[in-house]
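Chain by chain, the residues:
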Amino acid sequence: MKNLVRKLDSVDFLKMDRRTFMKAVGALGATVFLNTYKTEIVSALELEETKLIWLHGSECTGCSISLLNAGNPDIAQALTKLNVNLAYHETLLAQQGIFVDGKLANTSELNSEILLEELIEEGNYILVVEGSIPNGPNGSGKYLMLGNRTFKEILGAAAKNANAIVAVGACAAYGGITSADSDVAKDTDYRGVAFSKKDSKGGMLQELGIDKPVINIPGCPAHPDWVLLTLGAVILGKINIPEDLPDVLDQYGRPKVFYPPDHTVHENCPRRGFYDRGEFDDQVGGEKCLWKLGCKAPYAHADCAIRKWNGSVSMCTQAGGPCIACVEPDFPDMARPLYVEAEDKGVLLGANIDTISKVAVGAAAVTAGVHAVRRMKGE
Amino acid sequence: MVNVTVDPLTRIEGHLRVSTEVNADGVITDAQSSSVIFRGFERILQNQDPRDAGLLTQRICGVCPISHCLTATNALDQLYGVEDQVPKDALVMRNILQGLNFIASHATNIYVLWGPDLANPDYKKVLATLGDTGDAVWKELAGRFAPIGYKIDGVAVPAGTSNMAAIPAKKTLHEAIALIGGRMPGPVTPYPGGYTYKANVGDVVKLSSYYLKVMDFVSNYTLKVPFDTWIENTYQASSPQKAVNFVVEHLQSLVDKSLASNDFSREAGWGDAELFAAFGSELVGETLLGLPASLKLDNIGGYKDPSKICFVSYGGFYGAKDGYDSASPEGERVLTSGVVGGNLEYQKFDPSKITESVAHAFYDDSKGDLHPSKGETIPFTDPEKISYTGGSESRYTWDKAPRYDGIPGEVGPLARMLAAKEPLVTGVAQALNEKEYSAANVYTRVLARIQETAVVAYNLLNWVTNDYDPTGRISVPIDLSAAKNSQGMGLWEAPRGALGHWVSCDGSGKVANYQAVVPTTWNVSPRDAAGVPGPLEQALIGSKINAVQNILGVDYTNPLGIFHTGRSYDPCISCAVHTTDLTGKNAPVTLRIV
C-alpha cells in the first residue's frame, strides 16, 4: 500500500489508464487518494484558494443534487481539502438578484448579480456550467433570462475570464435532454457549452466566438466522483490546461479515465454473467440480462458498473432498469426507444445478440481450453 | 411607488423572477411572478414509445424525479389497462421510493433553500433591540441556518450546523433510494404494471437501518420530543384542537424553562422545529406563548381574498385501508385528495375542473382556456415579444395559469395537510383564520412542510417493515398493443404539490399527446384571462417587504418578505415550464376520468 501511495504521488491520475486508476482509487478510497495528491503539493507550497463559479443554465438541478450526494470525498470535505471557495452557486448561496427601480441594489453580500459581476471582474476562477444554453428564439438566447440578461450573454462573460471551464451533466456538455429531437428543438436551439450533441463546432462558446478548452463531465446526472475528481485534478494542477487535454480527453471532451473509449458499462454489469450465457429477461422484475428490455450499456462509455452510484449502493441495471447511455453525446435520442432492444438499429456491428453471446461463450471456452492445455504442459 | 424586483430568486430549483411595486410604507401593492425559461419538454415524447415517459419526464426535475416517474407510470398503468392489476408489493415499493424522496426534498427546502433566510442580516438588527433574549435567538438562527460562504458586514458567518448536517442526511436518503431505485437522481425502477426491482430481505434490513440513521438526524436536530410521542399527539390526535394544545403545551414548557436563562439551544430542548414553531409566528409565539417577540411570519405571504384561492391535492401514496389500490386517485390514498376553499371549506376533487390559461404567458392563446388534456403550447418565437418588464397587464412568463373551477389553487404540503385534515396543520390554520390572519402564510407553509415530513416518515417505516413482502409479486406483464388508441391519466403528489400527467396514443401505439401539469405551475402562475393573480402573486400583494413587519423602517434593498414568501412555496421552475403536447395538428383527447 505504501508503495502504491508513493507511486500515486508522482502520477497524474487523469493520465492513468483506467485499470491502474480503478485499482488505485479502489484500494485507497477517493478521500485518501485526494489527500495523497494534496500532500505532495502542500509540502511545496500552501494550496491557494480556488474560486469556483457554478452557473445554472437550462437544467433540472439534478447534477447539483448529485454532487451533494458525493461520498468519497463528500462535498464539504472536498471543498475544505482542496481549499475551494464555492463563490457562486445559485442553489446554495445566500444572495439573490435585487433590483430597485431597475438598478442593482445592496452589496455582493446580499445581491447575487453584484457578486457575480465582481467575481467575473476579479477573474482567476474555474467556471462550472450545469444545464444547456438556449440560442433561440432566432439566435437571441431569450428562452432563458436571468437578471434581465440572456444566459447566453452571462455564459459568455463568465467564460472569457475563466481559468478553466468544466461542463457538468449531459445538458451542459452536449445539450442533453433539452436538445432531444422534437418539433420545437429548432426554435429552442439548445446548445452545450462546447458541443451540440456530437458536433464539436456547435457549442455555445463557438457561437459566441470564444475559443477556450472545455472539459465535459456528461451523465444524466453526472456522477459526483467524476465531477470532484476532475475538479481536484484541475485545482491541484495535475493536468495542465490546455496542453494535457488532448491526452486525457476523448473526442467528445470527456476524461478518458472515467469514460474509457475501450470500456462500456456492459463489461462489468452485474448481470453480465447472464448475457454471457445468453439468458435474457423479457419482462421487468427479473434478474437476467436486460438487453432485450432495451439496455444500451454496450454503447455507454462509463465506469458506472465498477464505481456504482450513491455510495456504491447500486446502479441502473442492477436495479432492473435498462442503461440509457446518458453519458453519450447524442443521449437521449440514441437510446430511444428506451425499452426496445437496439439490434434492429444495426448496432453491435449489426450482429444478432444471440449469436454474439454464443460467440462470447465459445471464446471463453476456448480460452479456458488453452489454459488447461498450458497447465497440462506445466507452463 | 418603487419597483423592487428579485431576479434571480436563488435557492430554489430553476429560475424565477419576482417583480413588485412597493409603496412608501413598504407594502407590496402589485406583483408579477415570471418563469424565465422555456425548454419545450414533453414535445420530445411525441411520436415515441409511451414507456419512455417514465424515465424521460423525470428529467424535468432533478429534485423530484421520482414524482414525475411515478406520475407517468400511473398514467401508463392506465394506458396499458393494468391499473387495477399492479401487485401490492410494487405499490408499496413505489410508496417507499416516493416517501424517501419527500423527506429528502422537504429537508432540502427547510434547511438549504428556505431556512438560510432566517440568518438574514435584518434579523440580527431586529433581535439586537431585544437585549439578551434577542441575542440568544439570533445566535440560534444564524448558528443553525446560515448558508455556506456567508458574510455579514464583511465578517464571515460559519455555515449553520443544521444546514450542514442536512446535507449528509439527504445523502443517506438518496442512498436508500438508490438501493431500491438504482441511483438518485434518475432512478429507473417504476414501470407500467409494477416495478423492476424486487427488494430482498437484506434490502429491507438496509432500508430500516437507513431509516434509523435519518431519524438520528431528526432527533439530534429537528425535533426534541420523541418522534412517536409527537406523531401520537399530532398526526394521530383525535381533533385539531388537541393537536394544537399538545404542541402549545410542549412549547410553553420550553419557554418557561428558557426565558430566564436565555438558553434556546438544542440541549435545552429547542429542536429546529420547536424553535421555528415558537419564534416564527406572532399568534403562537407572542399571543399564545407570551414571547417578547417573534419573526411574525404568519403576517406575510397570506391571501387577502379567500374567494380567489383554493388548496388542491390530487392525493399521494397508495393506501392500504382496504388493500392497495392503484386505480383510484380519490379513495384510499394515504394523503387523501381534496379541494379546500379559501375559508377552509372542503370539496371533493374533480380532475375535469382543471383548466389552463395562457393569457399572460408567452404562448399563442387563440383558443382560450383549455383542459390540460386538450391544451396547446405554441411558444412565441419572436424575441421582441419576450419581455419581463411590461407589468401586470402584459405577458410576462413562460408559466401557464392552471385554475381549479376557475380559481387559482395553492398546491404543496399545506394544501395536502389541509385536504387530508391532518390535525396539527388544520388546527393551526383554523386558529389563524379565526384571528383574522390568512390560514395560508409563510409560517403555515413551512410548518406544514415540517409536519408532512414527520407524517411521511411515520408511514414510511410502516411500508418498509409491515407492508412490503419480499416474497410477493413485483410486476404484471403489459400487452404493448393495449396502448393503441388508448389514454391514461396519472394523478399524484410531488413534494411540491399536485402533479398530473396525461398521455394518449395513436393507432400505432405511439404517443400522440403528452401533457403534464405540475405543482409550481399552479403556485407561481401568472394572471389568468380574468386578470386574477396566481397564488404567489396574491401572497405577495399586501405583504410587507422587510423583516418583522418593517419594524426597522422601509429598506427596498433587502426585501426579505419577498425572499421568504417566494421560497415558502419551494418553487421548482424546471417543472413549472415543461411545455407540452400538440401543436393543434392532433385531435383532442377524450379522458377517462376515474
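Model, not experiment: these values are computed from the prediction.

J.: Help me understand the overall build of chain B, please; the structure alone is not making it clear to me.
T.: Each helix and strand counted, chain B has 19 helices and 16 strands in total. Reported as C-alpha extents along the three principal axes, the dimensions of chain B are approximately 75 × 60 × 45 Å. Taken across its 594 residues, chain B has 71% of its residues classed as buried. In chain B, the share of contacts with a sequence separation of at least 24, taken over all contacts with a separation of at least 6, comes to 71%. For chain B, the computed accessible surface area is about 17,300 Å², with 51% contributed by carbon and sulfur atoms.

J.: Please clarify how the overall build of chain A should be interpreted in this entry.
T.: Summing up its helical and strand segments, chain A has 15 helices and 11 strands in all. Relative to its full complement of 379 residues, chain A shows a buried share of 61%. As presented, chain A carries roughly 14,300 Å² of accessible surface, and 51% of it is formed by carbon and sulfur atoms.

J.: For this particular structure, what's the right way to read the packing of aromatic side chains?
T.: Aromatic ring pairs: the centre-centre distance and the angle between the two ring planes describe each pair. With the rule as written, the count across this model stands at 32 aromatic pairs over all chains. Their ring planes at 50 degrees and their centres at 5.7 Å tell us that W270 of chain B and F279 of chain B sit as a pair that is tilted. Classification of W270 of chain B by relative accessible area gives buried; the value is 0%. Each residue in the set Y143 of chain A together with F38, F362, Y363, F380, Y388 and W398 of chain B is aromatic and connected to the rest through ring pairs, giving one cluster.

J.: What is the right way to look at the pattern of salt bridges in this model?
T.: Side-chain pairs of opposite charge can arise where the charged atoms are in close proximity. Per the counting criterion, the structure on display carries 38 salt bridges over all chains. With its nearest N and O atoms 2.9 Å apart, the salt bridge here joins E286 of chain B to K296 of chain B. One end of the pair, E286 of chain B, is in helix α11 (residues 282–288); the other, K296 of chain B, is in the loop between α11 and β8 (310–313), with 10 residues separating them in the sequence. We classify K296 of chain B as buried; its relative accessible area is 17%. When salt bridges that share partners are traced, they join D181, K197, D333 and R336 of chain A into one network.

J.: Please clarify how the packing of helix α2 (residues 65–79) of chain B against helix α3 (residues 88–114) of chain B should be interpreted in this entry.
T.: In a pair of packed helices, the angle between the axes and the distance between the axes together describe the arrangement. Residues and elements named next belong to chain B. Remark: α2 packs on α3, axes separated minimally by 9 Å, with the N-to-C direction vectors making an angle of 150 degrees. Here α2 lies roughly antiparallel to α3, going by the angle between them. Of the two elements, α2 crosses α3, and the hand of that crossing is left-handed. Contact with α2, carried on its side by I66, S67, L70, T73, N74 and D77, involves R94, L97, Q98 and N101 of α3 and no other residues of that element. Across the contact of α2 with α3, the residue classes tally to 3 nonpolar, 5 polar and 2 charged.

J.: What is the right way to read the interface of chain A and chain B from this model?
T.: The interface is formed by 80 residues belonging to chain A together with 88 residues belonging to chain B. Interface area, chain A with chain B, both sides summed: about 6,900 Å², of which 59% is carbon and sulfur. If you sort the residues of chain A by the area they bury against chain B, E109, Y143 and Y339 of chain A come out on top, with a joint share of 10%. Of the charged contacts, one joins D183 of chain A and R43 of chain B as a salt bridge, the two residues approaching to 2.8 Å between their closest N and O atoms. Our count for the chain A to chain B interface comes out at 40 residue pairs in polar contact (both at pLDDT 80 or more). At the level of elements, α4 (62–68), α5 (75–81), β3 (98–100), α6 (112–122), β7 (145–146) and α9 (185–188) of chain A are the ones that each hand at least two residues to the side of chain A that touches chain B.

J.: What am I meant to see in the domain arrangement of chain A here?
T.: Accessible area lost during the coming together of the parts is what is often quoted as the interface size. Residue and element names in this part refer to chain A. Structurally, chain A comprises domain 1 (2–248) and domain 2 (265–377). Contact residues are listed per partner, giving 22 residues for domain 1 and 17 residues for domain 2. In total, domain 1 and domain 2 occlude about 1,600 Å² of area from one another, counting both sides; carbon and sulfur atoms represent 63% of this. A salt bridge links K197 to D333; its shortest N-O distance comes to 3.0 Å. Linking domain 1 with domain 2 are 6 residue pairs in polar contact (both at pLDDT 80 or more). Secondary structure elements with two or more residues in the side of domain 1 that touches domain 2: α2 (18–28), α8 (169–174) and α11 (224–235). Top element by residues in the side of domain 1 that touches domain 2 is α11. It accounts for 3 residues. Along the lines of polarity and charge, the residues of the side of domain 1 that touches domain 2 split into 12 nonpolar, 6 polar and 4 charged.

J.: Looking at this structure, I do not really get unusual backbone geometry. What am I missing?
T.: Most peptide bonds adopt trans geometry, and most residues besides glycine take a negative phi value. At the junction of I241 of chain A and P242 of chain A, the peptide bond is cis and its omega measures out at 5 degrees in the coordinates. Inspection of the secondary structure puts P242 of chain A in the loop between α11 and α12 (245–248). In this structure, P332 of chain A follows F331 of chain A across a cis peptide bond, with omega equal to 5 degrees. Structurally, the position occupied by P332 of chain A is in the loop between α14 (304–307) and α15 (353–377). With phi around 55 degrees, D570 of chain B is a residue other than glycine that occupies positive phi space. In this structure, D570 of chain B sits in the loop between α18 (560–568) and α19 (573–576).

J.: In this structure, what is going on with the pairing of strand β15 (residues 497–505) of chain B? I would like to understand it.
T.: All names here are of chain B. Within β15, 9 of the 9 residues are buried, which leaves the element mostly enclosed by the surrounding structure. One ladder, built from 8 bridges, connects strand β14 (residues 487–494) with β15; its direction is antiparallel. By the bridge assignment for β15, G488 is matched with V503. Here β15 runs beside strand β16 (residues 511–517); their pairing, made up of 6 bridges, is antiparallel. Each residue of the ladder has a partner; that of C505, found in β16, is V511. Hairpin connection from β15 to β16: 5 residues lie between these consecutive antiparallel strands, with G509 at a positive phi of about 80 degrees.

J.: In this structure, what is going on with the nonpolar core? I would like to understand it.
T.: Within the largest apolar cluster, 296 residues are counted, with the highest numbers of intra-cluster contacts made by L127 of chain A together with I96 of chain B. In terms of residue count, α3 of chain B provides more of this core than any other element does, 15 residues in total. Two domains each put at least three residues into this core: domain 1 (2–248) and domain 2 (265–377) of chain A. If we skip the residues at most four places from it in the chain, L127 of chain A touches I53, L55, L155, A158, A159, A162, A164, I165 and V166 of chain A. Counting 14 residues, the second largest nonpolar core, distinct from the first, contains V411, M489, L491 and A498 of chain B.

J.: Please clarify how the sheet that holds strand β11 (residues 214–217) of chain A should be interpreted in this entry.
T.: Strand pairing in a sheet is mediated by backbone hydrogen bonds. Such pairs are either parallel or antiparallel. All names here are of chain A. Taken in spatial order, the 5 strands of this open sheet run β2-β1-β5-β9-β11, and their pairing is parallel. The open sheet has two edge strands with one neighbour each: β2 (84–89) and β11. Sheet twist, expressed as the mean angle between neighbouring strand axes with direction ignored, is 25 degrees. Judged from the 6 bridges that link them, strand β5 (residues 125–130) and strand β9 (residues 162–168) form a sheet pairing that is parallel. Its bridge partner lying in β9, V129 is registered against A167. Against the sheet, helix α7 (residues 151–160) touches β1 (50–56), β5 and β9, its axis set at about 150 degrees to β5. Set on the sheet, α11 makes contact with β1, β2, β5, β9 and β11; between it and β11 the angle comes to about 155 degrees.

J.: I'm lost on the sheet that holds strand β9 (residues 338–341) of chain B in this one. Help?
T.: Residue and element names in this part refer to chain B. Read across the sheet, 4 strands follow the order β10-β9-β8-β13 without closing on themselves; strand pairing throughout is mixed. Each of the sheet's edge strands pairs with one partner strand only, and the pair in question is β10 (346–347) and β13 (409–410). One ladder, built from 4 bridges, connects β8 with β9; its direction is antiparallel. Bridging across to β9, C310 finds its partner in G341.

J.: Mind showing me how you'd approach the environment of E243 of chain A here?
T.: By the element assignment, E243 of chain A lies in the loop between α11 and α12. Remark: the alpha-carbon pair of E243 of chain A and V327 of chain A, spanning 84 residues in sequence, is separated by 25 Å.

J.: Just checking my understanding: could you explain the side chain of S105 of chain B for this structure?
T.: Locating S105 of chain B in the fold gives a position in helix α3. Every residue in contact with S105 of chain B, bar those within four places of it in the chain, is listed here: V63, P495, R496 and D570 of chain B.

J.: So what exactly am I meant to see when it comes to α7 of chain A here?
T.: Quick reminder: α-helices carry 3.6 residues per turn. Residues three or four places apart thus point the same way. Burial analysis of α7 of chain A places 7 of its 10 residues in the buried class, which makes it a mostly covered element. Those residues of α7 of chain A lying buried are F151, K152, I154, L155, G156, A158 and A159 of chain A.

J.: Honestly, α11 of chain A in this entry has me stumped. Any pointers?
T.: With 12 residues, α11 of chain A should cover 16 Å at 1.5 Å per step; its first-to-last C-alpha distance of 16 Å lies within 8% of that length. Within α11 of chain A, 12 of the 12 residues are buried, which leaves it mostly tucked inside the rest of the structure.

The rules behind the values
Residues numbered from 1 in each chain as written. Chains lettered and ligands numbered in written order. Predicted model: local features only at pLDDT ≥ 70, side-chain atom pairs only at ≥ 80, totals over all residues. Heavy atoms only, no water. Helix = DSSP H or I, 4+ residues; strand = E, 2+ residues; numbered from the N terminus. Buried < 20%, exposed > 50% of the residue type's maximum accessible area, 1.4 Å probe, protein only. Contact = heavy atoms within 4.5 Å. Areas by Shrake-Rupley, 256 points an atom, 1.4 Å probe, with all protein chains shown as cover. Phe/Tyr/Trp six-rings, centres within 6.5 Å; stacked < 30°, edge-to-face > 60°. Salt bridge = Lys/Arg side-chain N within 4 Å of Asp/Glu carboxyl O. Axes fitted to C-alpha atoms, helices over the stretch in contact; angles between N-to-C directions. Parallel < 35°, antiparallel > 145°, perpendicular 65-115°, else oblique. Left-handed = near helix turned anticlockwise from the far one by under 90°. Nonpolar A, V, L, I, M, F, W, Y, C, P; charged D, E, K, R; others polar. Buried area = accessible area lost by both parts, 1.4 Å probe. Polar contact = N/O pair within 3.5 Å; in protein donor to acceptor, adjacent residues only side chain to side chain. Domains from an automatic or database assignment. Pairing = 2+ DSSP bridges. Core = buried A, V, L, I, M, F, W, Y, C linked by side-chain atoms within 4.5 Å. Expected span 1.5 Å × (residues − 1).

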